[in-house]
Structures are given as C-alpha cells and as structure tokens.
Amino acid sequence: MEKININLLNHIYQNAKMGGEAIESILPKVIDSQLSKDLSQQLNEYKRFEDCSKTLLSIMNEKPKDKNALSRISAQVGITANTLLSTDPSHIAELMINGSTMGIIEMTKKINDHPLCESSIKQLGQDIISFEQENINKLKSYL
C-alpha cells in the first residue's frame, strides 16, 4: 500500500514540477502583461503542489523522483521551438492549454491505476486535475 502511495505522490510531484518548469521557460517570452500575471499565479500554484507532494514523500522517508532528463529536455526543446514561431498570447495560451490537457490525462490515468491509494493522496491528484482544468478555462480567453 505504501508503495502505491509513493508512486502516485511521485507522479503528482513530477506533474507539478513539469508544469512549473514549462511556465518558467515561457514567461520571459510573454509580452502580454495580463497573461504574464495569470501564468505567474499558475506557477505559484504548481510550486505549492510540488512542495506539498515533496513534504508528504518526506514524511514517508522518500525523496521525490524527477522525470528522466530526456523528458524534461524534450519539453524544453518543444517550448523553445514553438515560441520561435510566435510569442502571440493566443499561441502561448494554446501551448499551455495543450500542456495542461496532457497533465490532466496523465494524472487521471495514474489515479485510475492506483485504486487502493489513500484517499487523501488521490484527492491531491484530483486537486491538481481541477487546477489544470481551471488553467485551461482561464487561458481560453486568450485564444
């Protein structure tokens, strides 16, 4: 049971860290001040999820596992390549919506793969899904 909890917490950590890193790499390219503000608020929330999952893992005497370097580099290259094409707010919003959608899909799969996980940890996963959905809804106004 504990291994299941650790596995889901690691995925929550990785999801939040990936979302935060994506925003950190895209923020310097954002020219719209309101979009920049919205993304900064999202970044703060990703950091909160990252810290929360890291703390829960620490209580279990575990260290969070980062995604492999190839996944992280691939995401960075994708952001760089896509922002070379355009830094228009609509394009940035589309990139972020796509990332949040992937995050929702992956988190939903992980929660479904861990039906015996503690309800509080599953709830944290559900909370990040809700957060991602809110991000999508807010970013739609930039399309």
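Everything below is about the structure printed above this text.
Throughout what follows, the structure given in this document is the object of discussion. For every chain, the first residue of the written sequence is number 1, and numbering continues from 1 along that sequence. Given that this is a predicted model, residues contribute local features only at a pLDDT of at least 70 and side-chain atom pairs are listed and counted only at 80 or more, while totals for whole chains, interfaces and linings are drawn from all residues. Only heavy atoms go into the side-chain values, all of them from the structure, while hydrogens and water stay out.

Counting through the fold element by element, Glu-50 comes out in helix α2 (residues 33–59). Only protein chains enter the accessibility calculation, which uses a 1.4 Å probe; a residue is then buried when its area is under 20% of its type maximum, exposed when over 50%, and partly exposed in between. For the purpose of charge, His is not counted, nor are the chain termini; Lys and Arg are scored as positive and Asp and Glu as negative. Salt-bridge detection follows one rule: a side-chain nitrogen of Lys or Arg within 4 Å of a carboxyl oxygen of Asp or Glu. Despite its burial, Glu-50 remains without a salt bridge, the nearest opposite charge being carried by Lys-17 at 4.1 Å. Contact between two residues is taken to exist if any of their heavy atoms lie within 4.5 Å; hydrogens are not considered. For Glu-50, the residues in contact, after removing those within four places along its chain, are Tyr-13, Ala-16 and Lys-17. Secondary structure elements are defined from DSSP: runs of H or I of at least 4 residues count as helices, runs of E of at least 2 residues count as strands, and each element is numbered from the N terminus.

Before going further, it helps to examine the packing of aromatic side chains. Stacked, edge-to-face and tilted are the three classes for Phe, Tyr and Trp ring pairs, Trp counted by its six-membered ring, which pair at centre distances within 6.5 Å; planes under 30 degrees apart are stacked, over 60 edge-to-face, the rest tilted. Taken as a whole, this structure holds two aromatic pairs when the rule is applied. For the pair Phe-49 and Phe-131, a centre-to-centre distance of 5.6 Å together with 45° between the ring planes defines the contact as tilted. Here Phe-131 lies in helix α5 (residues 119–139) and Phe-49 lies in helix α2, a separation of 82 residues in the sequence. Both residues of the pair, Phe-49 and Phe-131, belong to the buried class. Connected via pairs of aromatic rings, a cluster forms that spans Tyr-46, Phe-49 and Phe-131. Directly above the ring of Phe-49 sits Arg-48, whose terminal nitrogen or CZ lies 4.8 Å from the centroid. In our convention, an over-ring charge means Lys NZ or Arg CZ found within 6 Å of a ring centre and within 35 degrees of that ring's normal.

The next subject is the pattern of salt bridges. Enumeration according to the criterion identifies four salt bridges in this entry. In this structure, Lys-17 engages Asp-66 in a salt bridge whose closest nitrogen and oxygen atoms are separated by 3.9 Å. Here Asp-66 lies in the loop between α2 and α3 (69–85) and Lys-17 lies in helix α1 (residues 2–26), a separation of 49 residues in the sequence. Residue Asp-66 is classed as partly exposed on the basis of its relative accessible area of 40%. Between Arg-48 and Glu-45 there is a salt bridge whose closest N-O contact spans 2.8 Å. You can see Arg-48 and its partner Glu-45 sitting in helix α2, three residues apart, about one turn around the helix. Residue classification places Arg-48 among the partly exposed positions, given a relative accessible area of 44%. Overall, Glu-45 belongs to the partly exposed group, its relative accessible area being 25%.

Right, let's get into helix α4 (residues 89–113). To estimate the expected span of a helix, subtract one from its residue number and multiply by 1.5 Å. Between its first and last C-alpha atoms α4 spans 36 Å; for 25 residues at 1.5 Å apiece the expected length is 36 Å, and the two agree. Every buried residue of α4 is listed here: Pro-89, His-91, Ile-92, Ala-93, Leu-95, Met-96, Ile-97, Ser-100, Gly-103, Ile-104, Met-107 and Ile-111.

Keep in mind that these numbers describe shape and distance, not what the molecule does.
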